[in-house]
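# Survey of secondary and tertiary structure
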Amino acid sequence: MLKKNQNQNIVICPSVLAADFAKLAEEMETIASSDWLHFDVMDGHYVPNISFGPIVASAIKPHTDLLLDVHLMITNPDQYLEVFAKSGADNITIHQEVATHGLRTIQRIKELGCSAGIAINPGTSISTLEEYLPYVDLILIMTVNPGFGGQAYIESMYEKIKRTKDMINESGRDIFLQVDGGISSENIENVAKMGANAFVAGSAIFSKKDREAEIAIMRTAAEKGYKANL
Ligand code: DX5
Ligand code: ZN
């Protein structure tokens with residue numbers, strides 16, 4: 001299940017999508033100081049791109065101690081919950097936009113022993129998340145239109161993150177507020193100020209030679225922003 005690292009408020013989640021797929025095991029060694037490995041599954045249908053599936057998750061799992069945070073950008077997540085749970089997922093996040101019977105899907109994810117997240121795209125209202133609040137462990141606010149790494153952060157998402165944090169506070173539940181897309185050391189402090197506490201970063205981390213140094217810079221800035229929000 002998802003856990004915060006020792007006495008720190010925030011978690012850093014490098015996105016495998018930006019790693020060198022020709023040497024994934026070695027790449028895992030360069031991000032060992034982070035917290036969750038963000039695994040972007042794309043089916044070429046829900047999003048206009050195809051990435052990787054459960055066999056890659058199984059291949060990576062023995063090469064990292066990071067929690068495996070699976071982000072399903074696929075049209076039919078129900079069909080793949082068991083195989084991702086068996087592949088070592090610690091968290092499985094589905095998209096609200098495709099969740100016909102989303103609450104049943106969230107309940108199934110938890111029956112499989114994983115924590116459960118619900119994600120919404122930049123154009124989807126946070127009001128669609130209200131009924132999930134008593135059940136989810138994580139809310140993922142997409143800060144780019146899903147499908148590709150390396151896109152620019154959408155500025156209007158700051159206010160949306162703040163409203164989502166207020167909604168989580170009102171629920172009284174300890175729900176991770178994760179952001180995903182265009183997150184870097186340039187904007188992470190301000191995003192944390194809005195109440196986010198889990199930060200996905202692909203290109204901002206894997207584009208650097210010294211990834212551990214970048215993770216440390218991002219962690220310090222995020223902690224600073226998060227504390228300002230308390
Ligand atoms: C986009 C993915 C993101 C992406 C983030 O659809 O969900 O996780 O990999 O990549 P960057 O950090 O490069 O924007
Ligand atoms: Zn993602």
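Fair warning: this is a prediction, and the values are worked out from it, not measured in the lab.

## Section: the nonpolar core
In this structure, Phe-39, Val-70, Leu-72, Ile-92, Ile-139, Val-191 and Phe-199 are the most contacted members of the largest nonpolar core, which totals 62 residues. Not counting residues within four places of it along the chain, the set of residues in contact with Phe-199 comprises Ile-10, Val-11, Ile-12, Cys-13, Val-179, Ile-183, Ile-188, Val-191, Ala-192 and Ala-222.

## Some words on the packing of aromatic side chains
Taken as a whole and judged by the stated rule, the model has five aromatic pairs. Ring centres of Trp-36 and Phe-176 lie 4.8 Å apart, and the angle between their planes is 70°; on these two criteria the pair is classed as edge-to-face. Of this pair, Trp-36 sits in strand β2 (residues 36-42) while Phe-176 is found in strand β7 (residues 176-180), placing the two residues 140 residues apart along the sequence. The same class applies to Trp-36 as to Phe-176, namely buried.

## Structural notes on the coordination of the zinc ion (ligand 2)
Every protein donor of the zinc ion (ligand 2) is listed here as His-38 (NE2), Asp-40 (OD), His-71 (ND1) and Asp-180 (OD), and their distances to the metal cover 2.0 to 2.2 Å. Under the relative-accessibility criterion, His-38 is labelled buried at 0%.

## Regarding the side chain of Gln-96
Relative to the assigned elements, Gln-96 resides in the loop between β4 (91-95) and α4 (102-111). Among the residues examined, Gln-96 registers a relative accessible area of 19% and is labelled buried. When near neighbours in sequence (up to four residues on either side) are disregarded, Gln-96 contacts Ile-118, Ala-119, Ile-120, Thr-124, Thr-128 and Tyr-132.

## Observations concerning the pairing of strand β5 (residues 115-120)
Counted residue by residue, β5 has six buried out of six residues, so it is predominantly covered. Side chains Ser-115, Gly-117 and Ala-119 project from β5 onto one buried face, and the interleaved Ala-116, Ile-118 and Ile-120 project onto a second face that is buried too. Here β4 runs beside β5; their pairing, made up of five bridges, is parallel. By the bridge assignment for β5, Thr-93 is matched with Gly-117. Read as a crossover between parallel neighbours, the route from β4 over α4 to β5 is right-handed. Judged from the four bridges that link them, β5 and strand β6 (residues 138-142) form a sheet pairing that is parallel. Residue Ile-118 lies in a different strand from β6, and its bridge partner there is Ile-139.

## With respect to the environment of Gly-150
Counting through the fold element by element, Gly-150 comes out in the loop between β6 and α5 (157-171). The exposure class of Gly-150 is exposed, given its relative accessible area of 61%. Note: C-alpha distance between Gly-150 and Ala-204 (54 residues apart in sequence) is 8.1 Å.

## Points about the site of ligand 1
Near ligand 1, the surroundings consist of 20 residues, among which Asp-40, Gly-147, Asp-180, Gly-202 and Ser-203 are the closest. Interatomic distance of 2.8 Å between a backbone N/O atom of Gly-150 and an oxygen atom of ligand 1. In the environment of ligand 1, an oxygen atom lies 2.5 Å from a nitrogen or oxygen atom belonging to the side chain of Ser-203. Secondary-structure elements contributing two or more residues to the shell around ligand 1 are β2, β3 (67-73) and β8 (198-201). Each residue belonging to the shell around ligand 1 can be placed in one class, and the counts come to eight nonpolar, ten polar and two charged.

Quick notes on the rules
- Note that residues are indexed from 1 along each chain, following the sequence as it is written.
- Key to labels: chains lettered from A, ligands numbered from 1, both in the order written.
- Where local features are concerned, this predicted model is filtered to residues with pLDDT of at least 70; where side-chain atom pairs are given and counted, the filter is 80 or more; whole-chain, interface and lining totals use all residues.
- Side-chain numbers here rest on the full set of heavy atoms in the structure, without hydrogens or water.
- We define a nonpolar core as any set of buried Ala, Val, Leu, Ile, Met, Phe, Trp, Tyr and Cys residues linked to one another through side-chain atoms lying within 4.5 Å.
- Residue burial is assigned from relative accessible area. The probe radius is 1.4 Å, only protein chains are included, and a residue is buried under 20% of its type maximum, exposed over 50%, and partly exposed in between.
- For this analysis, residues touch if any pair of their heavy atoms sits within 4.5 Å.
- Aromatic pairs are defined between Phe, Tyr and Trp rings, using the six-membered ring for Trp, whenever the two ring centres lie within 6.5 Å; interplanar angles under 30 degrees are classed as stacked, those over 60 as edge-to-face, and all others as tilted.
- For the purposes of this entry, the term helix denotes a DSSP run of H or I that reaches at least four residues, the term strand denotes a run of E that reaches at least two, and both are numbered from the N terminus.
- For Na, K and Ca the donor cut-off is 3.2 Å, and for all other metals it is 2.8 Å, counting N, O and S atoms only; because water is absent from this set, sites may look incomplete.
- By the convention used here, strands pair only if DSSP detects at least 2 bridges between them.
- The crossover handedness rule: strands pointing away from the viewer, path from first strand over the helix to second strand clockwise, crossover right-handed.
- When we say a residue is near a molecule or strand, we mean one of its heavy atoms is within 4 Å of it.
- Pairing of N or O atoms within 3.5 Å defines a polar contact, subject to two protein rules: one partner must be a possible hydrogen donor and the other a possible acceptor, and residues neighboring in sequence count only if both atoms are side-chain atoms.
- Residues are sorted three ways: Asp, Glu, Lys and Arg are charged, Ala, Val, Leu, Ile, Met, Phe, Trp, Tyr, Cys and Pro are nonpolar, and all the rest, Gly among them, are polar.

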